Amino acid sequence: MKKRLLSLYVENNVGVLAKIAGLFAGKNYNLDSLTVSPTDDATMSLIIISLTSNDELFEQIKKQLNRCVEIIKVLDLTPI
Amino acid sequence: MKIKGTELFIKALRAEKVDTLFAYPGSAVITLFDELYKQNDIRLILPRHEQALVHEADGYARSTGKVGVCLVTSGPGATNIVTGIAAANYDSVPIVCFCGQVRRDLIGNDAFQEVDIVGITRGITKHSMMVTDRNQLGKAMKEAFYIASTGKPGPVVVDLPVDMINEMGDEQYPENVYIRSYCPHNDPHIGQIKKAADLLIKANKPLFLAGGGIHVSGAEAVFTHLVEQTHIPVISTIMGRGAIPTDHPLYIGNLGMHGCYAANRAVMECDVLCAVGSRFNDRITGRVDQFAPNAEIIHIDIDTASISRNVKVAVPIVADAGQAVSELLNYAKEIDTNIWQKEIDAWQREHPLKMPATKGLSPASIIKSINTLSRYIVVTDVGQHQMWTAQYLALKEDKKMLTSGGLGTMGYGLPAAIGAKLGNPEKTVICITGDGGIQMNIQEFATAVLEEIPVIVLIFNNSYLGMVRQWQQLMYDRHYAGTDLRAGNRGNNRPEQYVPDFIKLAESYSAVGIRVFYEIDLTAALKAALKEKRRPTVIECMIESEEIVLPMVKAGGSLNEMILGDE
């Protein structure tokens, strides 16, 4: 188990946060914190998620997030 | 020029070459129906329930490769699609489902027939969206068709507020689509393909596992070619059955819970397993830590999230099944698998698939009589009959099977068969169902009769919800709680009273109904059914009540622990 940090660039659309929250809830993933902020580009938002998980689950979470149509980019910001 | 949203809707369907629309009206979509009334290019099919509506679009889509298109009203019309959408999502079926919605100013007000269908379906669709800006309607529809049909296909729900769709606005339907956050990639990584080919060439006991992805990708021919080039034996999931002809000398059978002995043995003994378009579902792996213990696994799948989720793989290849297999053909060589094949043949002879002899109709014999027909699509419901069909049905290029594999939706059979027949009027379409499953969407006989869709419906009547009863029989001391459909009449397949009487029921819909007890009657009934060109035929097959599906691996058990029934 390790602390992780993810940053997601997402479309600034209604329901994107619900989609991500629903993914975490539906698949029984746990997160420690979540923030949403605007970016320089009004059509895009930045979501930062911190969570604690093992390597396998973390891989799966990143893959599941990458599948979401409205998520533009998934970046792993976990300090090495 | 500006046009009404409803006009753009029809224009978009035409541009997407939609010839059949499965639709159920209501106040939120009545203007769309008015627009449909004014045109003749798109055939409007009116099912009798929205769940069946989506299954019909699903059967149409699976059997034609085109996108299945649905239109339902807001509120209950929308909530009724949920099961159909979830089934299509699980089995990667391209569907676009348009839902009516209340006026934009009423959303959130608990208005009459208002429901948050985008929210409800978020977890069971590939994508879902509400169009609130009339000038975005064309773009949204284009994106919906694009998302549904590319990459790993799936259902897309598009919610259309009634005032938006009635508004004047942009007349353009875009020709091209670009979504920055959605770029499906279908090409395999050549380095990975080479690694996979190397593993296969060095293997002593290589094995292909064919999954449903091969059908989704339309890669049956190229996959068969690869198998013939390499001489590697093939096992399949239920969804992958028919990826190579079932009478092919290198085809062994299905694996998993109701797989055949030789296939399950082969997976436990192989040293390299190459899975194509399968996500290693629990029903095929059994106890996952004991699955394919000696094998290095190559996994070809278009969905990155399927890779190394259930089983750890040595060589992941994220790509479209057809493209990956074509690429693999360039590097794969002939492998000497003679000794390995002989080993597998010995297992086949040791415990072949078979059913106990009976005076009456045995499920295997019913399916074998279907095998003698030509050019068919068999659509199953869910349960014992589905497993028997998956075990015994012969499949090849012009003999296909559609089944709800992932979600396991009872009630799928009849509507999906109707959809398949609409898409393939020249083929014989047979629905194999049970006395339980047929009653979940039995109202669709009306659709089939009025639209003159001559599907053949074979009801395997054992008077039970057979699959659950089988578990109760084997694991719960025959406590048949809630599984006896003819309560108090345990095991009697010649009851005094039929509830319902499927023959009278078929006749009440002006369909044909025939009840059969013996194989000879079945042959005659099938012959008569094949002659019907305008109406469906029900053939009710009275089978042994306590027949079970064997072999069986109990849920969570290892594939080594098969109940064979012939010890």
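Look up: the structure comes first, before these words.
Let us look at the structure shown here. (Residues numbered from 1 in each chain as written. Chains lettered and ligands numbered in written order. Predicted model: local features only at pLDDT ≥ 70, side-chain atom pairs only at ≥ 80, totals over all residues.)

1. A look at the overall build of chain A
Phase 1: Secondary structure assignment for chain A yields 2 helices and 4 strands.
Phase 2: Of the regular secondary structure in chain A, the N- to C-terminal order runs β-α-β-β-α-β.
Phase 3: The burial tally for chain A puts 20% of its 80 residues in the buried class.
Phase 4: Sequence separation of 24 or more characterises 67% of the internal contacts of chain A that already satisfy a separation of 6 or more. (Helix = DSSP H or I, 4+ residues; strand = E, 2+ residues; numbered from the N terminus. Buried ≥ 20, exposed ≤ 12 C-beta atoms within 10 Å, placed from the backbone. Contact = placed C-beta atoms within 7 Å.)

2. Side note on the interface of chain A and chain B
Phase 1: Tallying the contact residues gives 15 residues for chain A and 12 residues for chain B.
Phase 2: Of all the elements in the fold, those that place two or more residues in the side of chain A that touches chain B are α1 (16–26), α2 (55–67) and β4 (71–76) of chain A.
Phase 3: Ranked by residue count, the leading element in the side of chain A that touches chain B is α2 of chain A, at 5 residues.

3. So, the pairing of strand β9 (residues 206–210) of chain B
Along any regular strand the residues' side chains alternate between the sheet's two faces.
Residue and element names in this part refer to chain B.
Phase 1: In terms of burial, β9 is largely enclosed, as 5 of its 5 residues are buried.
Phase 2: Side chains of β9 alternate between two faces, with P206, F208 and A210 and L207 and L209 buried alike.
Phase 3: Inspection of the sheet shows β9 paired to strand β12 (residues 272–276) by 5 bridges, in the parallel sense. Across the sheet, L207 pairs through a bridge with L273, a residue of β12.
Phase 4: By the bridge criterion, 3 bridges tie β9 to strand β10 (residues 234–236) in an arrangement that is parallel. Note on β10: the bridge partner recorded for F208 is V234. (Pairing = 2+ DSSP bridges.)

4. Examining the sheet that holds strand β19 (residues 512–516) of chain B
Residues and elements named next belong to chain B.
Phase 1: Overall, parallel pairing links the 6 strands, which are arranged β16-β15-β17-β18-β20-β19 in an open sheet. Two strands lie at the open edges of the sheet, namely β16 (399–402) and β19, each paired on one side alone. Across the sheet, the axes of successive neighbouring strands diverge by a mean angle of 20°, strand direction being ignored.
Phase 2: The pairing of strand β17 (residues 428–434) with strand β18 (residues 456–461) spans 5 bridges and is classified as parallel. Within the sheet, the bridge partner assigned to G434 lies in β18 and is F460.
Phase 3: Against the sheet, helix α17 (residues 384–392) touches β15 (376–380), β16, β17 and β18, its axis set at about 135° to β17. (Axes fitted to C-alpha atoms, helices over the stretch in contact; angles between N-to-C directions.)

5. Remarks on helix α1 (residues 5–15) of chain B
Phase 1: All of the buried residues along α1 of chain B are G5, T6, L8, F9, I10 and L13 of chain B.
Phase 2: With its phi angle positive at about 60°, K17 of chain B sits one or two positions after the end of α1 of chain B.

6. Describing unusual backbone geometry
Residue and element names in this part refer to chain B.
Phase 1: For the bond from V499 to P500, the omega torsion is -5°, close enough to zero to count as cis.
Phase 2: Summarising the element assignment, P500 is placed in the loop between α20 (466–475) and α21 (502–508).
Phase 3: In the Ramachandran plot, K17 falls in the positive-phi region, its phi being about 60° despite a non-glycine side chain.
Phase 4: Its location among the elements puts K17 in the loop between α1 and β2 (20–23).
Phase 5: Its identity as a non-glycine residue notwithstanding, Q113 has a phi of 55°, on the positive side.
Phase 6: Inspection of the secondary structure puts Q113 in the loop between β5 (95–101) and α6 (117–120).
Phase 7: Residue classification places Q113 among the partly exposed positions, given that 16 C-beta atoms sit within 10 Å.

7. What about the packing of α1 of chain B against helix α7 (residues 137–149) of chain B?
Two numbers describe a pair of packed helices, the interaxial angle and the distance between the axes.
Residues and elements named next belong to chain B.
Phase 1: Contact geometry of α1 with α7 gives a least axis separation of 10 Å together with a crossing angle of 30°. Relative to α7, the element α1 is oriented roughly parallel. You can see that α1 and α7 cross each other, and the crossing is right-handed. Here G5, L8 and A12 of α1 come into contact with α7, specifically with L137, G138 and M141.
Phase 2: Residue composition of the contact of α1 with α7, grouped by class: 4 nonpolar, 2 polar and no charged. (Parallel < 35°, antiparallel > 145°, perpendicular 65-115°, else oblique. Left-handed = near helix turned anticlockwise from the far one by under 90°. Nonpolar A, V, L, I, M, F, W, Y, C, P; charged D, E, K, R; others polar.)

8. Regarding the sheet that holds strand β3 (residues 44–53) of chain A
Think of a sheet as strands paired side by side through backbone hydrogen bonds, with each pair either parallel or antiparallel.
Residues and elements named next belong to chain A.
Phase 1: Taken in spatial order, the 4 strands of this open sheet run β2-β3-β1-β4, and their pairing is antiparallel. This sheet does not close on itself; its edge strands, each paired only once, are β2 (33–38) and β4. If you compare each strand with its neighbour and ignore which way they point, the axes differ by 20° on average.
Phase 2: Here strand β1 (residues 2–11) pairs with β4 via 5 bridges, running antiparallel. Residue pairing in the sheet places Y9 in a bridge with K73 of β4.
Phase 3: Packed onto the sheet, α2 meets β1, β3 and β4 and runs at close to 160° relative to β4.

9. Describing the environment of Y90 of chain B
Phase 1: Of note, Y90 of chain B is situated in helix α5 (residues 82–90).
Phase 2: Sequence separation of Y90 of chain B and G119 of chain B is 29 residues, and the distance between their C-alpha atoms is 18 Å.

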